Amino acid sequence: MKRPDNIINYSEIDLKLGIKSSLPNAKSTLALLILLWESSGKPAELAYSQQKNDGIILDNKVEESLIATLKPLYSTVGISDETFISKVNENQIFKSQLESLIVAFELVWKMARIKFTDENKPASAERTGRIRYPKKLYYTIHMDILDTVISANNEGYYAVLLNWLGIPINFDTTYESMLIKILTVFSENAVFKLVDGDKDVIFNLNSIYKKIIETNDSVDINGDREAKGPLRILKSLLSDGLNPYLNYNSGIVSAKENIELYQRRVDAYLALSSSRIYEVEANANEDIVAESVSDYSVPRKTGGCNILLYGVPGAGKSYTIKTEYCDDPLRMERVVFHPDYTYSDFVGQILPKVSEEGLVSYEFTEGPFTRLLKKAYQNPGAEYYLIIEEINRGNAPAIFGDVFQLLDRDSEGNSEYGISNADIARKVYGDESRLVRIPSNMYIIGTMNTSDQNVFTLDTAFQRRWIMRMIENDMNKVEQKFANHKILDSDITWKQFNAVINDIILKKNLHMTSSEDKRLGVFFVHERDLEYNNAEDDISLPEDERIKAAHDNSRFPEKVLKYLWDDAFKFSRDAVFETNLYFSLEDIVRKFKSSKGNERFAIFKEEIYNAFLSPENAGNEE
């Protein structure tokens, strides 16, 4: 006995809310979509078109079937086959761009999927120029619902559809009313977007019904910006009278009759088929792909802010981000500032793109700031983190550029002021005229080593826009196993060494500005830097293993001793190291590596060496 397979998890669809698609004559386009299915034997798939010059026309076999099915009707009003097919080939199903048909057929009425016959072509292939390519329809079960009604009187319903197609034939309005009601039910799941001031309103037909009922007034769906995507189709279908419950005039919608009972049925239906809403952007040179999903009923999280973590090298700034803020790579972008890092790297830049046809175009490619801004805007129920490591190693004000203005936040965490940046706005909102703002669910966290103040100075105007948080150099916050780990084969623990050296840095460098910034951070080394690989001394092992062991055991001196010699004690080496015996960093590192156990630390002054081994510095070891 066979069992069914697990349910299929279909890919979530892109609602194309920001694409500049339109479909005039929606009624005639739907009519032909239905008639093609009816006349072609009610197929699952139908390649209905063929290339002719730069356009497409009806496929020959499909044409024969269409004529055979409908000629008994259109011939009664003196229409020839040639005139009929000419009318058909002028239909928007041949003239409109693929993406407009996608919005209508897939997103508004969900009657069919539509693709290029050549599936290697991107959906955007028809955006530039007037060339059109052959297409294929993949019908949905909505056609079965329609056919249940149409099959009760094929001739009567075909007459309605032919009239919609532009053939002057009489029909029974009862049949038309039935078709319109079914098509309206199909469209109740469709989602639209308009711009109200500087915010988006994402709505459906039910939103219109409810507002009319609540206010007993008409509803304006024009918005404050150019209509895009499904909203254009909505205006077209309302203009064509394809909703029996609503009147429409120049963007103003009112009720034809009492719609309260119908609205309640729609409400119950939507509650059983709730969906997630995509925010998308339109780009003239690439396919529109939904970057993320957000439930439109989810409130936006608040509290986003700019935080600057500062402290000595290795104090645990990155560790703090991981443990106290975010460790989810899907909700983070991490960048490192450096002297060559620029605004273009951070925000985005115009780059060339070569199409499949070899045409070169130029488009804005977003940087980490814009990518994360888009994710945060499109997913209001989650928090997003832009991590900027070593923020003072790059020219931060120059890297932020006009985005600098967005760092001023209100009490909820939104940018107080918006900026005009068409490139960012097009990517994030799908509307280049919209002001750009950082949303309240986006955090920006920078890290800064206080010992690197001489790299780039962060001026007061920049720093005041950040919450400053010092990360204390506290050994108590690290795991005791790590703190009490012995350094290589000696008896001296990392905790002992760290405490003694940092005490000396503060005392020996009192004459230096910010001497505390030169301290060793508790995370300056990793646990692997402390581990001893005893294979170095085992002559029975192959030479390559012994060499690798020697490299492992060199990590601590190469990292720590170099820092102490070149940086922390640069001006007071003779007070710390036995400089009468060892005259260079090379001497110091060689002596440490060639010694064993505690003798490695004889490179330091005797009192310091003794301090490493003093019980009072040992602390509580596990």
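Structure first, text after, so check above.
All of the points below concern the structure found in this document. None of the values given here were measured: they were computed from a predicted structure.

Quick look at the overall build of the chain now. Looking only at helices and strands, the chain has 25 helices and 17 strands in total. Counting all 622 residues of the chain, 50% fall into the buried class. In the chain, the proportion of contacts linking residues at least 24 apart, taken out of those at least 6 apart, comes to 70%. Looking at the chain as shown, the accessible area adds up to about 29700 Å², and 48% of this sits on carbon and sulfur atoms.

On to the packing of aromatic side chains. On inspection of all chains with the given rule, the structure shows 34 aromatic pairs. Their ring planes at 45° and their centres at 5.0 Å tell us that Phe-524 and Tyr-563 sit as a pair that is tilted. Remark: Tyr-563 occurs in helix 22 (residues 555-568) and Phe-524 occurs in the loop between helix 19 (494-508) and helix 20 (527-530); sequence separation between them is 39 residues. On the basis of relative accessible area, Tyr-563 is assigned to the buried category, the value being 11%. Here Lys-121 stacks its cationic end above the ring of Tyr-133, 4.1 Å away from the centre of that ring.

Taken N-terminus to C-terminus, the directions of helix 7 (residues 154-165) and helix 8 (residues 173-187) make an angle of 75°; their axes are 9 Å apart at the nearest point. As summarised for this structure, helix 7 and helix 8 are arranged roughly perpendicular, according to the angle between their axes. Of helix 8, the residues touching helix 7 (which contributes Gly-156, Tyr-157, Val-160, Leu-161 and Trp-164) are Tyr-175, Glu-176, Met-178, Leu-179, Ile-180 and Leu-183.

Turning next to the packing of helix 1 (residues 26-39) against helix 2 (residues 60-74). Direction vectors running N to C along helix 1 and helix 2 enclose 90°, while the axes themselves pass 9 Å from each other. By the angle class used here, helix 1 and helix 2 are roughly perpendicular. Along the contact surface, helix 1 presents Leu-32, Leu-35, Leu-36 and Ser-39, while helix 2 presents Val-62, Ser-65, Leu-66, Thr-69 and Leu-70. Partitioning the contact of helix 1 with helix 2 into residue classes produces six nonpolar, three polar and no charged.

Judged by nonpolar contacts, the single largest core of 89 residues is most densely connected at Leu-36, Phe-84, Trp-109, Met-111, Leu-137, Ile-208 and Leu-234. Considering every element that reaches this core, the biggest residue donor is helix 1, with nine residues. With residues near it in sequence (within four places) discarded, Leu-137 still touches Leu-33, Leu-36, Ala-44, Glu-45, Leu-46, Tyr-48, Ile-93, Phe-105, Ala-112, Arg-113 and Ile-114. One finds Phe-524, Val-560, Ile-608 and Tyr-609 within the second-largest nonpolar core, a separate group that totals 39 residues.

Right, let's get into the pattern of salt bridges. Under the defined criterion, the tally for this structure stands at 31 salt bridges. For Lys-71, the salt bridge identified is with Asp-81, shortest N-O distance 3.3 Å. With Lys-71 in helix 2 and Asp-81 in helix 3 (residues 81-89), this pair connects stretches of sequence that are ten residues apart. In this structure, the salt-bridge partner of Asp-423 is Arg-426, at a minimum N-O distance of 3.4 Å. Taken together, the positions of Asp-423 and Arg-426, both in helix 16 (residues 422-429) and three residues apart, correspond to about one turn of that helix. Residue Asp-423 is classed as partly exposed on the basis of its relative accessible area of 25%. One salt-bridge network, held together by shared partners, links Lys-193, Asp-200 and Arg-434.

Criteria and thresholds
- Residues numbered from 1 in each chain as written.
- Predicted model: local features only at pLDDT ≥ 70, side-chain atom pairs only at ≥ 80, totals over all residues.
- Heavy atoms only, no water.
- Helix = DSSP H or I, 4+ residues; strand = E, 2+ residues; numbered from the N terminus.
- Buried < 20%, exposed > 50% of the residue type's maximum accessible area, 1.4 Å probe, protein only.
- Contact = heavy atoms within 4.5 Å.
- Areas by Shrake-Rupley, 256 points an atom, 1.4 Å probe, with all protein chains shown as cover.
- Phe/Tyr/Trp six-rings, centres within 6.5 Å; stacked < 30°, edge-to-face > 60°.
- Lys NZ or Arg CZ within 6 Å of the ring centre and 35° of its normal.
- Axes fitted to C-alpha atoms, helices over the stretch in contact; angles between N-to-C directions.
- Parallel < 35°, antiparallel > 145°, perpendicular 65-115°, else oblique.
- Nonpolar A, V, L, I, M, F, W, Y, C, P; charged D, E, K, R; others polar.
- Core = buried A, V, L, I, M, F, W, Y, C linked by side-chain atoms within 4.5 Å.
- Salt bridge = Lys/Arg side-chain N within 4 Å of Asp/Glu carboxyl O.

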